[in-house]
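Per-entry structural report
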Amino acid sequence: MNASLSGRAASLYTMLALGYAFLYLPIVLLVIYSFNASRLVTVWGGFSTHWYAELLHDDKVLDAAWLSLKVAVVTATGATVLGTLASVLLVRFKRYPGSTLFAGMVAAPLVMPEIITGLAMLLMFVAMEQTIGWPAGRSMTTIVIAHITFCLSFVTVVVRSRLAQMDMSLEEAAMDLGARPLKVFLVITLPLIAPALMAGWLLAFTLSVDDLVISSFVTGPSATTLPIVIFSKVRLGVSPEINALASVFVAFVGCAIALGGTLSRKQD
Amino acid sequence: MSARGTLKQKVGRFLVALPPYGWLVVFFLLPFLIVLKISLSELQAAIPPYKAIFAWAEDGILQLRLNFGNYSYLFSDELYALAYLNSLKVAAISTALTLLIGYPMAYTIARSPARYRNPLLMLVVLPFWTSLLIRVYSWMGILKNEGLLNSFLMWLGIIDSPIQIMETNTAVYIGIVYSYLPYMILPLYATLEKMDLTLLEAAADLGCPPFKAFLKITLPLSMPGVIAGTLLVFIPAVGEFVIPDLLGGPDTLMIGKVIWAEFFDNRDWPVASAVAVAILILLVVPIMLYQRNESRAEAK
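Each chain carries its own residue numbering, running from 1 in the direction its sequence is written. Here every chain gets a letter starting at A, and every ligand a number starting at 1, in the order they are written. Local features in a predicted model are, by the rule used here, given only for residues with pLDDT of at least 70; side-chain atom pairs are given and counted only at 80 or more, and totals for whole chains, interfaces and linings are based on all residues. With hydrogens and water stripped out, all remaining heavy atoms of the structure feed into the side-chain values.

1. Some words on the overall build of chain B
Helix numbers and strand numbers start at the N terminus; a helix is a DSSP run of H or I with at least 4 residues, a strand a run of E with at least 2. Counting its regular elements, chain B contains 13 helices and 2 strands. Taking 300 residues into account, the globule formula puts the C-alpha radius of gyration at 19 Å, and chain B, at 25 Å, lies well above it. The principal-axis extent of the C-alpha atoms belonging to chain B is close to 85 × 80 × 35 Å. Relative to its 300 residues, chain B shows a buried fraction of 50%. The long-range fraction of contacts in chain B, counting pairs at least 24 apart against all pairs at least 6 apart in sequence, stands at 70%. In short, Shrake-Rupley with a 1.4 Å probe defines the accessible areas, and a residue's cover is counted only from the protein chains shown. Taken as a whole, chain B presents about 15,300 Å² of accessible surface, with 68% of it coming from carbon and sulfur. Think of it this way: Lys and Arg go in the positive column, Asp and Glu in the negative one, and His and the chain ends go nowhere. Throughout, a charge is located at the NZ atom of Lys, the CZ atom of Arg, the CG atom of Asp or the CD atom of Glu. Charge separation in chain B, taken as the distance between the mean sites of 21 positive and 20 negative side-chain charges, equals 15 Å. Radius of gyration here uses only the C-alpha atoms, and the compact-globule reference equals 2.2 Å multiplied by the residue count raised to the power 0.38. Exposure classes here rest on a 1.4 Å probe applied to the protein chains alone. A residue is buried below 20% of its type maximum, exposed above 50%, and partly exposed in between. Every residue pair with non-hydrogen atoms within 4.5 Å of one another is taken to be in contact.

So this is what it looks like as structure tokens:
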């Protein structure tokens, strides 16, 4: 009995380990081959940091990275503000005219294929420009609006669960003592849900930096984000320079997660 | 006093509701109505490349010109039907594979000692934070003919010549399973972790073998997680563009690729919109299933 039990456990853990290998091996190989001296990605030609140096001189990549960073910071901030308000609406207001429509509109972007969201947003921007003259052309502004729209749903998922778990008695006590609703929200609620806001901000940031499909639709010739540049290079085939760029990206995300983890542990 | 209080409260509530509600109506609901409108308009060689569906006739009557030609075009050209069916097939097979790989992983994490669960789960989610594009790209170097997998198998002596994986449906399956695995594992873990283990003990005491107990107790109880995970993978996989474009070949017809080509290569906005509306109709049922499943889980 015991032997079969531990045998089962062993096979389950083996499966889990294989699953992790499946998840991590491609990324590890990608990073290893970014240090390959040979241009042929699959033939090891010795250790070299040549491709990283090449990257530093690629103005197109650097400009795109800078734009992506700006878009992501504005998007994450906007999506966090709107997502927090949306969470308050969903958790605290419960029933009001149009509440079902709102719940649907918040949930739909989570599963909507990006290609449809992207197409829909572009057609709307074009129609708006025709009728009210804004936004004039496609630029960073249209990318940010599109990104906020799909990111705010993800922020809402994170924030609303924290808000729903929150102890209401603290807010009630403050109200009983005469605090106004806005003050209660700023002094009591906001600090309590701050870790969720932080997590939501980081999630929106990475989703925005990562997005290719929606950006491709709503961008114009003046605004090229990093994924658009990577995609146009990747379509031409595998190259060590993309490996280097991808490795920098992985390292950057790794640092952001480590920072986020440390901050939230301090909070708790 | 109290009446003024409630009025004030109402104004306050309205001010909280307005920004997110208004934003989603203008930037999410409205775009879909516009897609519907443009899918019913005619193509013209201008900017923007479609004709208005409302027009003022000479005697001041508002005319509505609807063009269902874009939809009948979808039926007349075999390409679209094939792309739809193939998208559904690829999404279904990939979702089944994701479930087969994700379930044992979620199960093992949920049954491991409590202090290891969060770190183990973190390890599943971590790759999700790096770019999808980069994760798909990493498989290109592995799967192509002179890639790492073929070199490794040839070095082992298992095969003599490279096997073609890149640019086939198999590569697309691998790409989708790899990219969407966390979406499957998270909801599965959430239901498996909440499960009451005394049920299994009771079954064991009554002489039920472990595998039977799994089929009769664990699997039915984890169904909400299975449904949520399956839909979270299936729905976006149907419209997936990046994965079939980079890993699939010219034969890998998928509806996301068709929209992209209609829009960017053919510049036919009305047909691209009609294809998008058709996908939406196809996806309405699974999306509603997902919503119901979620609201039920919340009610519990």
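2. Some remarks on the pattern of salt bridges
All names here are of chain A. What counts as a salt bridge is simple: a side-chain nitrogen of Lys or Arg found within 4 Å of a carboxyl oxygen of Asp or Glu. Taken as a whole, this structure holds 6 salt bridges over all chains when the rule is applied. Between Lys-233 and Asp-58 there is a salt bridge, and its shortest N-O distance comes to 3.3 Å. With Lys-233 in helix H10 (residues 226-234) and Asp-58 in the loop between helix H2 (50-56) and helix H3 (59-93), this pair connects stretches of sequence that are 175 residues apart. Accessibility expressed as a relative area gives 26% for Lys-233, which makes it partly exposed. A salt bridge links Arg-138 to Glu-129; its shortest N-O distance comes to 3.6 Å. On the accessibility criterion, Glu-129 (29% relative accessible area) is partly exposed.

3. Quick look at the packing of aromatic side chains
A pair of Phe, Tyr and Trp rings is counted when the ring centres sit within 6.5 Å of each other, with Trp represented by its six-membered ring. The angle between the planes then sorts it: under 30 degrees is stacked, over 60 is edge-to-face, the rest tilted. All chains considered together, the criterion is met by 24 aromatic pairs over all chains. Here the aromatic rings of Phe-217 of chain A and Trp-260 of chain B are separated by 5.8 Å at their centres, their planes lie at 75°, and the arrangement is edge-to-face. Remark: Trp-260 of chain B occurs in helix H12 (residues 255-265) and Phe-217 of chain A occurs in helix H9 (residues 213-218); the pair is interchain, linking two chains. Phe-217 of chain A sits in the buried class, given a relative accessible area of 2%.

4. Focus on the packing of helix H5 (residues 114-132) of chain A against H12 of chain B
Every angle, taken between N-to-C directions, lies between 0 and 180 degrees, and every axis is a line fitted to C-alpha atoms, over only the stretch in contact when it is a helix. Between H5 of chain A and H12 of chain B, the least distance of the axes is 10 Å, while the angle of their chain directions is 25°. Taken together, the axes of H5 of chain A and H12 of chain B lie roughly parallel to each other. Across the interface between the two elements, Ile-115, Leu-119 and Leu-122 of chain A of H5 of chain A pack against Gly-256, Ile-259, Trp-260 and Phe-263 of chain B of H12 of chain B. For this scheme, ten residues count as nonpolar: Ala, Val, Leu, Ile, Met, Phe, Trp, Tyr, Cys and Pro. Four count as charged, namely Asp, Glu, Lys and Arg, and the remainder, Gly too, count as polar. Counted by class, the contact of H5 of chain A with H12 of chain B contains 6 nonpolar, 1 polar and no charged residues. The cut-offs work like this: below 35 degrees is roughly parallel, past 145 is roughly antiparallel, 65 to 115 is roughly perpendicular, and the gaps in between are oblique.

5. As for unusual backbone geometry
Residue and element names in this part refer to chain B. Phi at Glu-167 takes a positive value of approximately 65°, unusual for a residue other than glycine. Checked against the element boundaries, Glu-167 lands in the loop between helix H6 (148-156) and helix H7 (169-194). Despite not being glycine, Arg-267 shows a phi value in the positive range, around 55°. As for its position among the elements, Arg-267 is in the loop between H12 and helix H13 (269-299).

6. Description of the interface of chain A and chain B
Accessible area lost when the parts come together is the quantity often used to give the size of an interface. Chain A puts 78 residues into the contact, and the matching count from chain B is 83 residues. Two parts placed together each lose some accessible area; with a 1.4 Å probe, that loss summed over both constitutes the buried area. With both sides pooled, the region where chain A packs onto chain B buries about 7,500 Å², and carbon together with sulfur makes up 82% of that total. There are 1 salt bridge connecting chain A and chain B. Polar contact is the term for a pair of N or O atoms within 3.5 Å; when the atoms are in protein, one must be able to donate a hydrogen and the other to accept it, and sequence-neighboring residues count only if both atoms are side-chain atoms. Between the two partners, chain A and chain B, sit 10 residue pairs in polar contact (both at pLDDT 80 or more). The element best represented in the side of chain A that touches chain B is helix H1 (residues 2-33) of chain A, accounting for 15 residues. Each residue belonging to the side of chain A that touches chain B can be placed in one class, and the counts come to 61 nonpolar, 11 polar and 6 charged.

7. Let's talk about the confidence of the model for chain B
Residues and elements named next belong to chain B. The predictor attaches a confidence to each residue, and that confidence, scored 0 to 100, is pLDDT. In the predicted model, chain B carries a mean pLDDT of 85, and 91% of its residues have values of at least 70. Ranking the elements of chain B by mean pLDDT puts strand E1 (residues 54-56) last with 58 and H7 first with 94. Across the assembled chains, the prediction reports ipTM 0.86 with pTM 0.86.

8. Section: the nonpolar core
Buried residues of nine kinds, namely Ala, Val, Leu, Ile, Met, Phe, Trp, Tyr and Cys, make up a nonpolar core once their side-chain atoms join them within 4.5 Å. Counting 168 residues, the largest nonpolar core has Phe-102 and Phe-217 of chain A as its most contacted members. In terms of residue count, the dominant contributor to this core is H3 of chain A (14 residues). Dropping the residues within four chain positions of it, Phe-102 of chain A is found in contact with Ala-86, Leu-89, Leu-90 and Tyr-96 of chain A together with Pro-20, Tyr-21 and Leu-24 of chain B. Listed in part, the 5 residues of the second largest apolar core include Met-195, Ala-203, Ala-213 and Ile-217 of chain B.

9. With respect to the packing of H3 of chain A against H10 of chain A
All names here are of chain A. Where H3 contacts H10, the two axes come as close as 7 Å, and the packing angle between them is 140°. Between H3 and H10, the residues in contact are Lys-60, Val-61, Ala-64, Ala-65 and Ser-68 and Leu-226, Pro-227, Val-229 and Lys-233, respectively. Grouping the constituent residues of the contact of H3 with H10 by class yields 6 nonpolar, 1 polar and 2 charged.

10. Looking at empty space enclosed by the protein
Think of a 1 Å grid over just the protein atoms. A cavity is a set of points where a 1.4 Å probe fits yet cannot get out, a pocket is an open set with protein on both sides within 12 Å along at least five of seven lines, and lining residues have an atom within 4 Å of a point. Grid points are joined across faces, edges and corners, and a volume is the space filled by probe spheres set on the points. In this structure the tally under the stated criterion is 3 cavities of 30 Å³ or more. Here the largest cavity defines a volume of roughly 580 Å³. Of all the secondary structure elements, the ones that give two or more residues to the lining of the largest cavity are helix H4 (99-111), H5, helix H6 (140-165), helix H8 (181-210) and H9 of chain A together with helix H5 (132-143), H7 and helix H10 (223-238) of chain B. Tallied by class, the residues present in the lining of the largest cavity amount to 21 nonpolar, 5 polar and 5 charged.

11. Focus: the environment of Pro-195 of chain A
Mapped onto the fold, Pro-195 of chain A is located in helix H8. Between the alpha carbons of Pro-195 of chain A and Ser-68 of chain A there is a distance of 25 Å; along the sequence they are 127 residues apart.

12. Things to note about H7 of chain B
Helix length check: H7 of chain B (26 residues) gives 37 Å between terminal C-alpha atoms against 38 Å at 1.5 Å per residue, within 8%. Roughly 50° is the biggest bend found in H7 of chain B, and it falls at Tyr-180 of chain B, with proline Pro-182 of chain B one to four residues downstream. Take the residue count of a helix, subtract one, and multiply by 1.5 Å to get its expected span. Two axes define the bend at a residue: one fitted to the seven residues ending there, one fitted to the seven starting there, and the bend is the angle between them.

13. Some words on the side chain of Glu-241 of chain A
Residue and element names in this part refer to chain A. With respect to the helices and strands, the residue Glu-241 is situated in helix H11 (residues 240-267). Buried Glu-241, no salt bridge; nearest opposite-charge side chain is Lys-233, N-O distance 4.1 Å. With sequence-adjacent residues up to four places away left out, Glu-241 is seen in contact with Trp-51, Glu-54, Leu-55, Asp-58 and Lys-233.

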